[in-house]
Amino acid sequence: MNPYPAVDPIPLPAPVWLLKLLHVVTLALHFVAVEMLLGGLLLAILLSLFGKSAHSRVTARALARRLTVVMTYVINLGVPPLLFAQVLYGRALYTSSVLIGLYWIAIVPTLILTYWLLYKFSARLEQGKSAWWVGLIAWLLAGSVARMLSTNMTLMLRPEAWRAMYSASAMGAFLPTGDPTLTPRWLLMLAGGLLIGGLWLVYLAGRRTFTADEKRFVAGLGGKVAAGFGLVYLAAGLWAANVQPDAVKTGLAHGVAGHALYRYEGLAGYGWIALVVVAVLVGALAGFGKICATWIGWTGVLAAVLIEILFTAYRDGVRDVTLLSKDYDVWDRVVVTNWSVVGIFLVLFVAGLGVIAWLVSVMARAQKTMEGAA
Ligand code: HEM
């Protein structure tokens, strides 16, 4: 019996390829922000807990000041992919969301608490008070939000588990077990945080608000973290890919008849490996080669964004091939495109990205006080 709810009779208002493209682009940007949050926060906590030098305190404070802003990007860049995912995969995603309903809803208050704690963490660091434990609670909460998202994004791929879960309890109060892909996938995101967090520090070291000494410290630390955890991230990625079902591995490696895209998304996995290696080298140059320059910071930023785009493309292939093996073809939808509306949407979308870029540039230019100033 088909486990999916009936398809919505309202046709899709735009081609599937366009919705998928927008989904991958916006989700990759969400992932950049998520990794900055998870990795940057952990680094700031460790620096404030173990760092004895003034440089450590300055670096922890510099990260914490920016994390509240990063959180706004995490949230706002999470909304568009949520909407695109619901349009494309609603029948699977709504079902899994209902099955873990209580936890899914709990994400909202957890986020609010995390956000508040980030402000507290930053304020306590500014005041020179002990702050690591506040940051740690925020990090654990953010990590649990990540866990909930990984849980839902993997449960939506397991229609065979839904009926038994719902029969056991319709409350949405217990979590699925027995999926070998869940934990590797979640740990992959956590490991990526330290790679991206390290690259973020290498980039920050190029800011004029640090003294020459601080720059060397920040770039050296960030580079070493990026180089070391880049390798951990690489290993976690290979693990997460390896635990996928055989049908998914084969589909991504050799393609699926009638779906050329999945072969390319499989190849994106190789691109991801190559770019993580580049990021590790960037980290090694900054961390061990003691190169502290603007160009290396920007190379790290570019690598970080491309890594997340390729990762998201591969992940998209994993989802589609998994669902295809369970009779859910995301392309099999009635589409009635309203091009004038799509045109207006695209203009606003590009304008929105432009406004975000402008906001980022205003913020970058507005930071005039030295990081070490009280
Ligand atoms: C502390 C805040 C957050 C963290 C740490 C976080 C982390 C994550 C992680 C780890 C994933 C990948 C899960 C996986 O596939 O294994 C993810 C996916 C996702 N997140 Fe977030 N997230 C956060 C906030 C949000 C918010 C506020 C939204 C929406 C308003 C959001 C929307 C999404 C969506 C839609 C996906 C998956 C989309 C897809 O697969 O199509 N996230 N997030």
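Residues numbered from 1 in each chain as written. Predicted model: local features only at pLDDT ≥ 70, side-chain atom pairs only at ≥ 80, totals over all residues. Heavy atoms only, no water.

Caption draft 1: Highlighting the overall build of the protein chain. Check the secondary structure of the protein chain and you find 12 helices and zero strands. Going residue by residue from the N terminus, the α and β elements of the protein chain occur as α-α-α-α-α-α-α-α-α-α-α-α. Relative to the compact-globule value of 21 Å for 374 residues, the protein chain shows a C-alpha radius of gyration of 21 Å, a close match. Over its C-alpha atoms, taken along the principal directions, the protein chain stretches across nearly 65 × 40 × 40 Å. Expressed as a percentage of its 374 residues, the buried residues of the protein chain come to 49%. Across the protein chain, contacts joining residues at least 24 apart in sequence account for 85% of those joining residues at least 6 apart. Put simply, the protein chain shows about 17400 Å² of open surface, and 73% of that area lies on carbon and sulfur atoms. The centroid of the 28 positive side-chain charges in the protein chain is displaced by 13 Å from the centroid of its 16 negative side-chain charges. (Helix = DSSP H or I, 4+ residues; strand = E, 2+ residues; numbered from the N terminus. Rg over C-alpha atoms; globule rule 2.2 N^0.38 Å. Buried < 20%, exposed > 50% of the residue type's maximum accessible area, 1.4 Å probe, protein only. Contact = heavy atoms within 4.5 Å. Areas by Shrake-Rupley, 256 points an atom, 1.4 Å probe, with all protein chains shown as cover. Lys, Arg positive; Asp, Glu negative; His and termini not counted. Charge placed at Lys NZ, Arg CZ, Asp CG, Glu CD.)

Caption draft 2: Region of the structure containing the coordination of the iron atom of the ligand. A lone protein donor contacts the iron atom of the ligand, and this donor is His 30 (NE2), found at 2.2 Å. As for its position among the elements, His 30 is in helix α1 (residues 16-50). (Donors = N, O, S within 2.8 Å, 3.2 Å for Na, K, Ca; no water.)

Caption draft 3: Spatial organisation of the site of the ligand. In the vicinity of the ligand there are 24 residues, among which His 23, His 30, Ser 150, Arg 315 and Arg 319 approach most closely. In the environment of the ligand, an oxygen atom lies 2.4 Å from a nitrogen or oxygen atom belonging to the side chain of Arg 315. A distance of 2.8 Å separates an oxygen atom of the ligand from a polar atom in the side chain of Arg 319. Listed by contribution, the elements that provide at least two residues to the shell around the ligand are α1, α2 (54-76), α3 (79-99), α5 (132-155), α7 (182-204) and α11 (294-324). (Near = heavy atom within 4 Å. Polar contact = N/O pair within 3.5 Å; in protein donor to acceptor, adjacent residues only side chain to side chain.)

Caption draft 4: Structural detail: a nonpolar patch on the surface. A cluster of nonpolar residues, Trp 132, Trp 133, Leu 136, Ile 137 and Leu 140, forms a patch on the protein surface that exposes about 430 Å² of accessible area. Tracing the backbone through its elements, the reader meets Leu 136 in helix α5. (Patch = residues over 30% accessible without salt bridge, like charges linked within 9 Å, V, L, I, M, F, W, Y side chains within 5 Å. Salt bridge = Lys/Arg side-chain N within 4 Å of Asp/Glu carboxyl O.)

Caption draft 5: Highlighting the environment of Ser 130. In this structure, Ser 130 sits in the loop between α4 (101-126) and α5. Through-space distance from the C-alpha of Ser 130 to that of Ala 14 is 52 Å; in sequence the pair is 116 residues apart. A polar side-chain atom of Ser 130 sits 3.4 Å from a polar atom in the side chain of Trp 133.

Caption draft 6: Structural view of the nonpolar core. One finds Phe 121 and Tyr 233 to be the most contacted residues of the largest nonpolar core, which totals 72 residues. Going through the elements one at a time, α1, α2, α4, α5, α7, α8 (212-242), α10 (260-287) and α11 are the ones with two or more residues in this core. It is α1 that provides the largest number of residues to this core, a total of 14 residues. Excluding residues that lie within four positions of it along the chain, Tyr 233 makes contacts with Leu 188, Ala 191, Gly 192, Leu 195, Trp 272, Val 276, Ile 307, Glu 308 and Phe 311. With 31 residues, the next largest nonpolar core counts Leu 22, Met 153, Leu 155 and Phe 349 among its residues. (Core = buried A, V, L, I, M, F, W, Y, C linked by side-chain atoms within 4.5 Å.)

Any link to function would need more than the numbers given here.
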